[in-house]
Structure formats: C-alpha cells, structure tokens
Amino acid sequence: MGGWQTAPRLLLILIASFVLQIWASDPLFYESFDETLDGRWIVSEKEDYTGVWKHSKSEGHEDYGLLVSEKARKYAIVKELDEPVMLKDGTIVLQYEARLQNGLECGGAYLKYLRPQEAGWIPKEFDNESPYTIMFGPDKCGSTNKVHFILKHKNPKSGKFIEHHLKYPPSVPSDKLTHVYTAVLKPDNELRILIDGEEKKKANFLSADDFEPALIPPKTIPDPDDKKPEDWDERPKIPDPDAVKPDDWDEDAPPEIEDEDAVKPEGWLDDEPEEIDDPEATKPEDWDDEEDGEWEAPKIDNPKCEAAPGCGEWKRPMKKNPAYKGKWHAPLIDNPNYKGIWKPQEIPNPDYFELDKPDFEPIASIGIEIWTMQEGILFDNILIASDEEVAESYREKTWKPKYEVEKEKQKAEEAAADGPSGFQKKVFDGLYKIADIPFLGAYKIKIIDIIEKGEKQPNLTIGILVSVMVVIATVIMKILLGGKKPAAPAKPTTETKGDAATEADVAGSSAEKEEENEKEDASAPRPRRSTRRET
C-alpha cells in the first residue's frame, strides 16, 4: 500500500518539474517586431522628439525591425510590459539586436529599461527625464565609443538614485552588420557583457574597480568644513635666499649677434634688386587710373640674381651670442618648511551603507530615447529572460542566420571592390615592419604615410611597394656614397608611367611636395596689385 501512496506524489513532482522547465524556457519578455507598432509601442509626443520611427525590413532580409528613419533627430518610443520584471532574485538576461545600416559616427543605439513611473505618468510623456533602472547598448560620438551599462541604484540612506557606470566597457563594432548585445545579471552580483555571444566584459556590481561611482560609498569622506592652515607650505623646492647673481652675469646680452668673421661672397650684386617689374606685363585696357589708381607692373624674381650668390644690400648673418645667459634666477633648494600636499581630514561618510546585493528596481517598461546623426539604425528581437540558454537559443535562431548572410555579402563586396585581400594585408604588415628598421628611422614617418595611403587605396599596393623600395634604395645609396646626392636623372620626354606607379609616386611624394610648397610660399615675393580694382 505504501508504494501506491508514493506514486501520486512522484507524479506530481514530475509534473511540477516539467511545468517549471517549460516556464524557464519561455522569455519574460520578447519583441520580434513581426507585427506593426500600432498600439503596442508608443511614440513620445514631447516636442523635442521629431524623429520618425518606422516598422521596416532589415536590408537584405525579410525580417522586420524598428527603424530610425531620419538623420540628426531625437527619437523616443516606449513599450509598457504586461508584468514588471523583478531583478532581485535569480539570473536575468537582457538582450537585443541592433544594426547600424549606415554606420554610426555620432549617436546612440541603446535601450532604457524603465522602472515604475510616478502616478499619472503616460507613455506619450516618455523623455530623457523618465527614470530608468538600467541603460544598456552602443553609444558613439567623438572620443566616446562604448557599449554602455549604467545602473541607477537607490542609496538607502539618502533616498537618492545614483547613476553607476560600468568602467572600461567594450567598444561598438565598427561595421554595418547586425550585432546582438547581451547583459547577464547573476545572483552572485556578477555582470557579463556579451557581443554576438562572445564575452567582452565581466564585472562585479559591488566592486569599486568595476563601477564609477561604486555602489557602496566609501566609509569616510574628506571633511568639507576642514580648511588648509594659512602657514601650510606645499612647495617642495624654493629659491635659495642666500644665492647672489654673479658680477659677470649680463641679463641684457642679446641671444644673437652679428658674425664678425663673415665675408661678403664674391659676385654679390649690391646694386641689383631682388625683384624687378615684369617686362612682359602690360596695363589692362580697361584700367582707369582715376578709379583704380596708378597701374604698376607685377614683380618677378630678378634673373640676374639667379646666377649670383645674392642681390641687394649685403648684411652679416647672425650667430649665437656666447655671452648670452638670459635672466638670472636663484637656484632651487629643499624647502625646510615643506609639509607636503595638504588634504582635509577624513570624517565618517553620512551616506555610507553596507550591501550584500544591489537593490534593483523592477523593469516596468522598455524605452529607446536617443539622439543620432545617422539614420538606418534598426532594433530587433528585444528579449528579457531568466535563463542564459534561452537567450543563446534566440541568438542562434534569430541573429546568427542574418549575421552569416550579411558577413558573406560583405566579403563579396570587398572582393568586388578590390579591397585589401589576404595578400595585400601581408604586404602592408611587412611594410610596417620595414618602417621599424633602425637605419630607416629618419624616413619612418614618410614610409608610414605612404603605407596608410595605400591601405585606403588597396588597388595601389604594387605602386606603394615600389615607392617604399625607392625610399630604401635612396637611403642605401646615401650610405654607400657617403651622403653625396646621386646625379639627377634626365627628365623623360615621351615615356609615361603606369597608373599605379604614377599614383604611388604622388602618394609617396606628398610630404615632400608640401614641404617644398611651404618653402616656396615663404620665399616667394608678394606680387603687387596689377589687375584687381579697388572700390
């Protein structure tokens, strides 16, 4: 009889276990965007949010998502959950897909998991002031490039909600493919951030090394009422009060003086000006002396000066003054009154509290509130689950097939555009190693400049390689010839270079041309007004 009584109990246990497994395998919230947004996602009616949301297909797929359709706009949309999601017990997984179809130079693609709002709040009033529990996702602009994770946590002493930012978050993928972002919150206070299922960051909610500011405040703080004593000396060194300026120290001596040993070069043309009127210039026919003033021919370099060492009044060059010492200062000595850098005394922190686990607020709504300079951001497959395996199964089912198709398409487009192939990458890697060779140190910047231009224009790989080899050959020639310049080759009159070599030469010589142009600009005479009329 005992066995018959035990059987129903075992059956009930099995049924309960089966139901529990089914419950655990279901997400707490899931949005696939297969259906239209009407009545389910509410667009903010605040006047700042003029961006238009669209229910649109992901480029190249039949899968729908929530699309940011216009650039340089603020966007806000929110979805209220049927039941608040509690975060205090057990594992919670936050996951969603985002595709930056036109890239992301400046803007956000993150979600806000809102806590319960104040009484009377309606979704149409959703804005950046609506309080959230967690903010999670990509944000990129200027020096900012991170996948945010921000927790708003309530200080039980002060009652204030404080934003706690994850330190050293992962960077945002730079391509235009669909990526899936996952945050796993564990009951042991562990946080894991995954991108495309790969762990990028692990942290502990209670560690001061992982969040700024730390969830648990410091036990002591600097006393705000403590003041530095007036006689507190923070100078480690002071001028020697006993030092005296030497008698022969001349503070008025100039840093440069004329070189008395310099001699005017033979053939210097004292009476010839450096510039002369252009003999071929003629006064424009429509020039009116009364309106335009007296016409003057533009100046050109004096051809007589080209063959001579110089023209005009000769002046001795300047040289460094050996007697120059500058302003005298007393030498520094150790400060006998030095007390170190002053700090206020520490006092007990009135806001300090101890914590075993974060006191998470429930998630009552999911909102997207962003400002972006790029359109084409597509959100899809937003998931909240209590089981990591559920999140993984959704990644495999909804994200991975799309990603693999997009990846193959990207490879095909790169190949069609003749982008950097495996061979080209090896060539560029080799060239970077060549640039680090010690005897090429003086030319390193120039070589790297050539390589970087080649990476942007992969079709010039061979030309770039030739340009770098020319630089190396030039250095070797200088070493072999003792620094003498080889004779300049005659300019070709009929032969033309191939396109790749020509473009490579242009890329390789850009730094030289800029330097030559700067010299020409500095030395070129300022032409006189010849044809412009003044009114």
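Residues numbered from 1 in each chain as written. Predicted model: local features only at pLDDT ≥ 70, side-chain atom pairs only at ≥ 80, totals over all residues. Heavy atoms only, no water.

Relative to the 42 Å expected for 29 residues at 1.5 Å per residue, helix α4 (residues 388–416) spans 40 Å between its end C-alpha atoms, a close match to the ideal helical length. Helix geometry: α4 is bent most strongly at Trp-399, by close to 45°, with proline Pro-401 lying one to four residues after it. Burial in α4 covers these residues: Val-390, Ala-391, Tyr-394, Arg-395, Thr-398, Trp-399, Lys-402, Tyr-403 and Glu-406. Residue Asp-387 occupies the N-cap position of α4, its side-chain oxygen lying 2.9 Å from the main-chain nitrogen of Glu-389. (Helix = DSSP H or I, 4+ residues; strand = E, 2+ residues; numbered from the N terminus. Expected span 1.5 Å × (residues − 1). Bend = angle between axes of the 7 residues up to and from the residue. Buried < 20%, exposed > 50% of the residue type's maximum accessible area, 1.4 Å probe, protein only. Polar contact = N/O pair within 3.5 Å; in protein donor to acceptor, adjacent residues only side chain to side chain.)

Bringing the confidence of the model for the chain into the picture now. The share of residues in the chain with pLDDT of 70 or more is 79%, and the mean pLDDT across the chain is 84. Contacts from residues 16–24, a stretch scored under 50 in pLDDT, to residues over four places away or in other chains number five contacts. Note on residues 483–535: pLDDT under 50 across the span, and 46 contacts to partners over four residues away in sequence or across chains. (pLDDT = per-residue confidence, 0-100. Contact = heavy atoms within 4.5 Å.)

So, on to the state of the cysteines. Under the definition given, this model contains two disulfides. Two residues share a disulfide in this structure: Cys-106 and Cys-141, whose sulfurs sit 1.8 Å from each other. Looking along the S-S bond of the Cys-106-Cys-141 disulfide, the torsion reads about -75°, which is the left-handed sense. Placement of the pair is Cys-106 in strand β7 (residues 106–108) and Cys-141 in strand β9 (residues 132–141), with a sequence separation of 35 residues. Disulfide partner of Cys-305: Cys-311, at an S-S distance of 1.8 Å. On the S-S bond that ties Cys-305 to Cys-311, the torsion sits near -120°, and the link is left-handed. We classify Cys-305 as buried; its relative accessible area is 18%. What connects to what in the chain, once the bonded cysteines are numbered by sequence position, is 1-2, 3-4. (Disulfide = S-S within 2.5 Å.)

Further remarks concern the side chain of Asn-189. Tracing the sequence through the fold places Asn-189 in the loop between β12 (178–185) and β13 (190–195). Accessibility expressed as a relative area gives 10% for Asn-189, which makes it buried. Those residues in contact with Asn-189 that lie beyond four places of it in its chain are Ala-203, Asn-204, Phe-205, Leu-206, Asp-356, Lys-357 and Pro-358.

The side-chain alternation of strand β8 (residues 111–114) yields two buried faces, one formed by Leu-111 and Tyr-113 and the other by Lys-112 and Leu-114. Across four bridges, β8 lies against β9 in antiparallel orientation. Looking at β9, one finds that Leu-114 is bridged to Tyr-132. Note that β8 and strand β24 (residues 363–372) share three bridges and pair antiparallel. Bridged to Leu-114 within β24 is Ser-365. (Pairing = 2+ DSSP bridges.)

Turning next to the packing of aromatic side chains. What characterises a pair of aromatic rings is the spacing of the ring centres plus the angle enclosed by the ring planes. Counted by the stated rule, this structure contains 13 aromatic pairs. The interplanar angle of 55° and the centroid separation of 4.7 Å between the aromatic rings of Tyr-30 and Tyr-394 together place this pair among those described as tilted. Placement of Tyr-30 in strand β1 (residues 29–31) and of Tyr-394 in helix α4 is noted, with a sequence separation of 364 residues between them. Accessibility expressed as a relative area gives 28% for Tyr-30, which makes it partly exposed. Seen from their ring centres, Trp-53 and Phe-379 are 6.3 Å apart, and the 55° between their planes marks the pair as tilted. With Trp-53 in strand β3 (residues 53–57) and Phe-379 in strand β25 (residues 377–385), this pair connects stretches of sequence that are 326 residues apart. The buried category is assigned to Trp-53, whose relative accessible area is 9%. One aromatic cluster is present, formed by Trp-53, Tyr-75, Tyr-96, Phe-136, Phe-149, Tyr-181, Phe-205, Phe-211, Phe-360 and Phe-379 through successive ring pairs. (Phe/Tyr/Trp six-rings, centres within 6.5 Å; stacked < 30°, edge-to-face > 60°.)

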